[in-house]
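So you can see what is in the structure, the chains are spelled out below.
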Amino acid sequence: MSLRAKTLWITGLAILGLALLTYTAAHWFMSAGFHQLEQDFTRRNLARASAALTHEISSLFVINKDWSNWDDSYRFVQDRNEDYLESNLVPETFLGLSLAALFFFDADGRMVYGQGFDSETEEVTPPPPGLMEHLGPSRLLSAAGNDGPGMAGLLPTADGLFLVSARPILTSQGKGPARGVLIMARALSGESIQAQSERTVLSLGLYEAGRPDLPPDVAGAVRDLSGGVKAVVRELGEDAIAGYTFVNDVYGRPGLVLRVRTSRPIHRQAQDTILKLVLVFLVTGVLGGGGVLLLLEKVILSRLARLTRDVEALTRRVDLSGRISLEGSDELAGLARKINDLLSALMLHEQRFRDVASSMADWVWETDARGVYTFCSGKVESILGYAPEEMVGRTPFDFMAPEEAVRVRDSFDQALAGAALIQDLENWKLSRDGRPVCLLSNGVPILDETGRPVGLRGVDKDITLRKLIEEELRRTRNYLNDLVDSMPSVLVAVDGEGRVTHWNVQAEKIIGRSRSEVLGRPLAEVFPLAAGRMDLIMDCLRKSEPAKVEKLPTALPDGKAYSDIMIYPLVADGAAGAVVRVDDVTARVRMEELVVQTEKMASVGALAAGMAHEINNPLSGILQGAQMVQRRLEVKGPRAKNLFDESGLTGLDLEKWRQYLERSGVLKFLAGIEESGLRAARIVKDLLEFSRERTISIEPHDLHEVIDRALNLALTDYDLRGRYDLKKMRMIKEYDQGLGLVLCDPPQIQQVVLNLVKNAAQALADQTQGAGFEPVIRITTRRKEGQAEMEVADNGPGLTEETRSRLFEPFFTTKPVGQGTGLGLYVSLGIVQKHHGTIEQGANALGENCFVVRLPLAVKNP
Amino acid sequence: MSPAPIRVLVVDDDEFVRLNLAAYLEDEGFAAVASTSGEEALHLLAREPMDVAVVDMRLPGLDGNAFILEAHRLQPRIRFLIHTGSIGYTIPEEVRSIGVRPEHVFLKPLADMSLLRAAVEALVRETRGLNQDVSTLTGAKERGRP
């Protein structure tokens with residue numbers, strides 16, 4: 001409620017209250033006086049009426065005296081003369097005397113004359129019967145008596161109220177004896193009473209106290225009067241008041257109530273006076289109040305309103321630079337100046353805050369209770385690309401992806417409920433151009449006077465770059481870890497004291513200790529291989545120079561292995577340390593050995609190839625010469641015979657000559673020359689296999705045909721035929737007819753088969769089993785895992801462990817010197833490898849020793 | 001009437017090889033002639049017809065293949081066997097086109113010269129006709145020495 005309205009109300013109510021008070025006081029003080037006055041007035045009226053009634057009675061009594069103390073009447077009662085009747089007892093007499101009835105009784109109580117009168121018709125009528133009841137001897141007549149003074153009074157009857165008077169009839173001098181009683185009755189009807197009232201200017205009423213049909217006010221008055229009060233005054237409303245008193249009837253009994261009813265001029269006067277007083281007061285009050293209000297309005301209220309308006313305008317504009325002007329030197333003007341001072345101080349603070357906010361890299365904001373931005377510092381534009389005005393009216397969630405909004409809303413709602421602060425809340429908003437921006441939000445609830453949160457105030461820091469860098473860092477770290485872990489090498493890093501700082505997955509796998517187990521422990525304790533090299537590692541650390549130990553033999557459970565150990569000093573960031581890298585180079589070392597051997601054999605092969613021609617020619621001479629020598633010595637053929645004969649030996653017993661040759665061992669020596677020559681030729685031939693000049697042409701062929709051809713060759717082979725007696729051995733061929741074509745170079749595979757069969761035959765020939773033993777060479781083919789498998793098995797005694805481990809070494813042989821070149825299996829291995837196949841020694845399902853050769857199948861095989 | 005003996009020309013620069021082959025072939029009833037080089041052999045062929053030539057590849061001067069082609073020009077009917085110490089020998093296309101096949105190639109050292117004899121006889125049969133008994137020819141040849 002405005003001050004103006006309040007003033008109006010207070011003034012108005014004050015005036016009204018004063019008026020009421022005045023009225024009440026006036027009423028209180030004046031009413032009592034007026035009341036008393038009215039009471040007295042009424043009582044006086046009552047007295048007057050009573051007096052009037054008494055006067056009426058006495059007037060009738062006086063009239064009665066005129067008639068009763070009259071000689072004519074005296075006479076009439078005695079003689080009942082007609083003259084009297086005619087001259088006096090006429091209607092005019094009734095009318096003139098306002099009589100309702102007139103009775104003449106003689107001294108004996110007999111009624112001489114008795115007539116009633118109807119004032120309306122102005123005719124003499126029979127007397128009213130109700131009146132007649134009271135005319136018996138015991139009543140009025142006796143009361144009047146013969147010599148008594150007579151009586152007068154009121155008489156209520158069944159026919160109404162009458163004013164009666166009874167007097168003894170005497171002479172005009174008033175001398176007796178009384179000859180009778182004259183009774184006059186006047187009807188006290190409404191009219192007569194009214195007439196009486198007019199005479200008294202009073203409204204009169206007479207009521208029989210005992211009647212049941214009394215008006216209520218009269219009945220009430222009767223009750224009050226019965227208590228012994230002489231007179232009772234009762235107000236009958238605003239306009240009437242009445243006084244009551246008992247009136248005795250003609251017999252002296254208080255059987256009647258006289259009511260005097262008057263209007264209330266005094267009361268009205270009093271009311272009028274009070275009303276006027278209040279009115280005067282009201283008018284005065286309103287005029288005075290208005291004046292006061294006008295003054296207030298002019299001096300205070302209007303200026304106060306202006307002050308309020310100005311402050312409101314400033315508040316609305318949120319303008320601290322505006323000032324309030326209010327002239328004068330009173331307190332209000334002082335207040336305006338104080339407000340201006342306050343504004344200046346606030347502006348200083350505001351400016352300070354704005355300077356801080358705008359110089360901050362962070363964005364300062366405020367929201368209302370629903371989280372809607374109500375203020376944003378200008379920095380938001382450089383962070384999100386939205387101007388502060390665009391931010392205001394929207395919520396933080398309007399700038400987020402839906403799922404992010406859901407996540408962040410929770411924290412905001414808690415803060416808005418005052419349950420928590422927003423502390424380092426990382427959240428992703430989207431800038432105007434759709435770029436995700438990571439913000440670090442901090443905020444506190446803004447509380448109203450009751451401590452209820454009505455909003456939030458906080459700061460958002462743009463940490464996108466930091467997040468990106470962190471992410472990049474994390475990725476890089478993971479990437480580097482992955483890189484290190486996915487290396488097949490054991491990578492172990494140590495610090496300056498040789499304690500483990502890094503241990504990659506391969507290290508866990510190879511060394512068999514988990515990373516968590518070894519970190520921080522001295523390397524020598526957890527890595528036995530490095531234990532012996534700690535001096536080298538520490539040396540490397542000191543000198544900051546890499547060190548390397550190559551092909552360090554290490555015994556692994558599955559045999560001999562080699563490792564390379566490399567030590568690189570770590571010098572980055574000045575933190576001393578080293579990375580120890582251990583690579584299992586067993587395969588490489590073995591490969592290198594193989595390569596060296598292959599190279600060696602290749603150079604032997606190249607040498608053999610270069611020399612083959614030069615060796616083969618003399619071998620040719622030796623072998624063919626030996627053949628010729630034998631032919632000529634044995635004198636075979638016609639030409640030898642001719643030469644024999646031409647030499648003069650005709651007749652020489654050829655048979656004896658041949659015996660000589662046999663006995664002297666010449667033929668054996670020749671055979672020795674031939675065999676040695678052949679062996680040399682074979683060695684050259686085998687060595688040639690390793691020369692790179694040998695090319696092979698691999699094409700699809702039927703492996704079974706190749707094997708069969710090789711077996712035919714075997715039958716003609718010198719070693720097999722002669723030395724090992726192949727014919728005595730049982731040859732079993734178990735061919736898989738569904739094998740299909742095999743990719744091979746037939747002559748080379750033939751040589752492999754021949755070599756294997758020769759080995760088997762040799763094993764069986766060396767065998768010294770008892771009778772009943774049947775040597776078996778079993779050749780089996782089968783298709784297995786997409787490859788063709790050829791198995792050459794024998795039921796010989798098997799191989800020793802030493803033999804088995806050296807089977808494929810060049811020049812390794814179990815045959816006696818002069819019987820094997822030691823190149824058979826080595827050559828076979830080379831051939832099979834050139835076919836991209838494998839060759840293995842083992843035992844077959846029958847427990848026989850076997851060599852298994854696997855060769856690729858042709859692609860077009862079914 | 002006896003047919004002419006089969007004439008075999010041996011071209012080899014190795015004296016003992018030449019000697020052995022010629023002796024063996026003569027023992028087996030062929031008419032064998034030996035030359036130490038391709039050039040010498042060509043001179044010979046210019047004068048005398050031959051049935052089969054057993055040719056070494058690595059020869060001084062003209063090599064075996066060149067000789068074969070030249071010899072074929074001189075005597076288109078002559079057939080060739082190759083007897084070489086060169087392990088990597090493969091028959092050139094021109095040589096193959098005049099009827100030299102892989103089974104005509106013998107690598108030194110050839111310990112059993114009977115293989116050579118069989119090959120000569122087979123070639124002669126091819127050339128002269130299958131119905132002719134080559135062994136009878138060799139028997140008649142003993143008297144026809146150069």
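Quick look at the overall build of chain A now. The number of helices and strands found in chain A is 28 helices and 27 strands. Within chain A, buried positions represent 42% of all 862 residues. Long-range pairs, those at least 24 residues apart, make up 56% of the contacts in chain A with a sequence separation of at least 6. Summed over its atoms, the accessible surface of chain A is roughly 46500 Å², and 57% of this surface lies on carbon and sulfur atoms.

Below, the discussion takes up unusual backbone geometry. For the peptide bond that leads from Lys108(B) to Pro109(B), omega is -5°, which places it in the cis range. You can see Pro109(B) is positioned in the loop between strand E5 (105–107) and helix H5 (114–128). Located in the positive-phi region is Arg80(A), a residue other than glycine, with phi close to 50°. Positive phi values are uncommon outside glycine, yet His836(A) reaches one of about 60°. As for its placement among the helices and strands, His836(A) is situated in the loop between helix H28 (824–834) and strand E26 (838–843).

Moving on: the sheet that holds strand E7 (residues 203–208) of chain A. All names here are of chain A. A sheet is described by the order of its strands in space; here 4 strands give the open sequence E7-E10-E9-E8, paired in antiparallel fashion. The sheet terminates laterally at E7 and strand E8 (231–235), the two strands that pair on one side only. Averaged over all pairs of adjacent strands, the angle between strand axes in this sheet comes to 20°, irrespective of strand direction.

This part is about the interface of chain B and chain A. Counting residues at the interface gives 25 residues for chain B, matched by 23 residues for chain A. Carbon and sulfur atoms make up 50% of the surface buried where chain B meets chain A, a total of about 2100 Å² over both sides. When the area that chain B buries against chain A is broken down by residue, the three leading residues are Asp27(B), Pro109(B) and Ala111(B), summing to 30%. Where chain B touches chain A, the interface holds 6 salt bridges.

Turning to helix H8 (residues 216–226) of chain A, its buried residues number three or more, namely Asp217(A), Val218(A), Gly220(A), Ala221(A), Val222(A) and Leu225(A). Packed against the buried residues of H8(A) are E7, E8, strand E9 (240–247) and strand E10 (256–263) of chain A.

A grouping of Met1(A), Trp9(A), Ile10(A), Leu13(A) and Leu16(A) is seen on the molecular surface, where their side chains present a nonpolar patch of about 620 Å² in accessible area. With respect to the element layout, Met1(A) can be found in the segment before helix H1 (3–68).

We now examine the nonpolar core. Residue and element names in this part refer to chain A. Counting 46 residues, the largest nonpolar core has Leu 703, Ile 749, Leu 756, Val 757, Ile 777 and Val 853 as its most contacted members. Broken down by element, the residue count for this core peaks at 9 residues, all from helix H26 (residues 746–765). Contacts of Val 853, omitting those with residues within four sequence positions, involve Val 752, Leu 756, Ala 788, Glu 789, Met 790, Val 832, Thr 838 and Ile 839. With 34 residues, the next largest nonpolar core counts Ile 57, Trp 67, Phe 104 and Leu 204 among its residues.

A word on the packing of H26(A) against H28(A). Residues and elements named next belong to chain A. It is at 9 Å that the axes of H26 and H28 come closest, and there the two elements cross at 145°. Viewed along their axes, H26 and H28 form a crossing whose handedness is left-handed. Residue-level inspection shows Gln 748, Ile 749, Gln 751, Val 752, Asn 755, Leu 756 and Asn 759 of H26 in contact with H28, the latter providing Gly 824, Leu 825, Val 827, Ser 828, Ile 831, Val 832 and Lys 834. Partitioned by chemical class, the residues of the contact of H26 with H28 number 7 nonpolar, 6 polar and 1 charged.

All chains considered together, the criterion is met by 61 salt bridges over all chains. In this structure, the salt-bridge partner of Arg407(A) is Glu404(A), at a minimum N-O distance of 2.8 Å. Of the two residues, Arg407(A) and Glu404(A) both sit in helix H13 (residues 402–416), 3 residues apart, roughly one turn of that helix. Judged by relative accessible area, which is 42%, Arg407(A) ranks as partly exposed. The network of salt bridges with common partners includes Arg631(A), Arg632(A), Arg639(A), Glu26(B), Asp27(B), Glu28(B), Arg117(B) and Glu121(B).

Next up on the list: the packing of aromatic side chains. The relation between two aromatic rings is expressed through the spacing of the ring centres and the mutual angle of the planes. Residues and elements named next belong to chain A. Across all of its chains, the model carries 17 aromatic pairs over all chains by this definition. Here the aromatic residues Trp 67, Trp 70, Phe 76, Tyr 84, Phe 104 and Tyr 113 are joined through ring pairs into a cluster of three or more. The residue whose ring lies beneath Arg 167 is Phe 61, and the NZ or CZ to ring-centre distance is 4.1 Å. Lying across the ring of Phe 397, Arg 409 places its NZ or CZ 4.2 Å from the centre.

Here we take up the sheet that holds strand E3 (residues 123–125) of chain A. Residue and element names in this part refer to chain A. Reading across from one edge, E3-E2-E1-E6-E5-E4 is the order of the 6 strands in this open sheet, with antiparallel pairing throughout. The open sheet has two edge strands, E3 and strand E4 (151–157), and neither has a second partner. Across the sheet, the mean angle from the axis of one strand to that of its neighbour is 25°, orientation sign disregarded. The sheet contact formed by strand E2 (residues 111–118) and E3 spans 3 bridges and is antiparallel. Across the sheet, residue Phe 117 finds its bridge partner in E3, namely Val 124. Packed on one face of the sheet, helix H2 (residues 71–79) meets strand E1 (101–106), E2 and strand E6 (180–187) and runs near 65° to E1.

Moving on, we come to a negative patch on the surface. Residues and elements named next belong to chain A. On the surface, a cluster of negative charge is contributed by Asp 79, Glu 82, Asp 83 and Glu 86. A per-element tally of the negative patch places helix H3 (residues 82–88) first, with 3 residues. Position of Asp 83 among the secondary structure elements: in helix H3.

All names here are of chain A. If you trace the backbone, Asp 362 turns up in the loop between helix H10 (331–359) and strand E11 (363–368). With relative accessibility at 12%, the residue Asp 362 sits in the buried group. Residue contacts for Asp 362: discarding those within four places in its chain leaves Ala 357, Ser 377, Lys 379, Val 459, Asp 460 and Lys 461.

Turning our eyes to something else, we now look at the confidence of the model for chain B. A low pLDDT score tells you not to read the predicted coordinates there in detail. Residues and elements named next belong to chain B. Of all residues in chain B, 86% attain a pLDDT of 70 or more, and the chain-wide mean is 85. Across residues 139–146, where pLDDT falls below 50, the model places 15 contacts with residues more than four positions away in sequence or in other chains. For this predicted complex, the interface score ipTM comes out at 0.85, alongside a pTM of 0.41.

Two faces, one strand: in a regular strand the side chains alternate between the faces of the sheet. Residues and elements named next belong to chain A. Two strands pair when backbone bridges link them, and strand E22 (residues 730–734) and strand E24 (residues 776–784) are joined in this way by 5 bridges, in the parallel orientation. Its bridge partner being in E24, Arg 730 is matched across the sheet by Val 776. Pairing of E24 with strand E25 (residues 787–794) involves 8 bridges; the strand directions are antiparallel. Bridged to Arg 778 within E25 is Ala 793.

What counts and what doesn't
- Along every chain, residues carry numbers that run from 1 in the direction the sequence is written.
- Naming scheme: in the order in which they are written, chains are lettered from A and ligands are numbered from 1.
- Since the coordinates come from a predicted model, pLDDT governs what is reported: local features require at least 70, and pairs of side-chain atoms require 80 or more to be given and counted, while whole-chain, interface and lining totals use all residues.
- The side-chain figures draw on all heavy atoms in the structure; neither hydrogens nor water molecules are used.
- For helices the rule is a DSSP run of H or I covering at least 4 residues; for strands it is a run of E covering at least 2, with both sets numbered from the N terminus onward.
- For every residue, the accessible area obtained with a 1.4 Å probe (protein chains only) is divided by the maximum for its type, and the residue is called buried under 20%, exposed over 50%, and partly exposed between those limits.
- The contact criterion used throughout is that any non-hydrogen atoms of two residues lie within 4.5 Å.
- Areas reported here follow the Shrake-Rupley algorithm with a probe of radius 1.4 Å; residue values treat only the protein chains shown as occluding.
- By this definition, two strands are paired if DSSP reports at least two bridges between them.
- Convention adopted: a line fitted to C-alpha atoms gives each axis, helices being fitted over their contacting stretch, and angles between N-to-C directions are expressed from 0 to 180 degrees.
- Each of two parts loses accessible area, computed with a 1.4 Å probe, when they are put together; buried area is these two losses added.
- Each reported salt bridge corresponds to a side-chain nitrogen of Lys or Arg within 4 Å of a carboxyl oxygen of Asp or Glu.
- Patch membership requires over 30% relative accessible area and the absence of a salt bridge. Like charges are linked within 9 Å, and nonpolar side chains (Val, Leu, Ile, Met, Phe, Trp, Tyr) within 5 Å.
- Here the nonpolar core consists of buried residues drawn from Ala, Val, Leu, Ile, Met, Phe, Trp, Tyr and Cys, with membership extended through side-chain atoms lying within 4.5 Å.
- Should the near helix be turned counterclockwise from the far one by less than a right angle, the crossing is left-handed, whereas a clockwise turn marks it as right-handed.
- Throughout this entry, Asp, Glu, Lys and Arg are counted as charged residues, while Ala, Val, Leu, Ile, Met, Phe, Trp, Tyr, Cys and Pro are counted as nonpolar. The remaining residues, Gly among them, count as polar.
- Only Phe, Tyr and Trp rings are paired, with Trp represented by its six-membered ring, and only when their centres lie within 6.5 Å; those with planes under 30 degrees apart are stacked, over 60 edge-to-face, the remainder tilted.
- Two conditions define a charge located above a ring, namely a distance within 6 Å from the ring centre to NZ of Lys or CZ of Arg, and an angle within 35 degrees of the ring normal.
- We score Asp and Glu as negative and Lys and Arg as positive, and we do not count His or the chain ends.
- The atom standing in for a charge is NZ when the residue is Lys, CZ when it is Arg, CG when it is Asp and CD when it is Glu.
- Confidence scores here are pLDDT values: one per residue, from the predictor, ranging 0 to 100.

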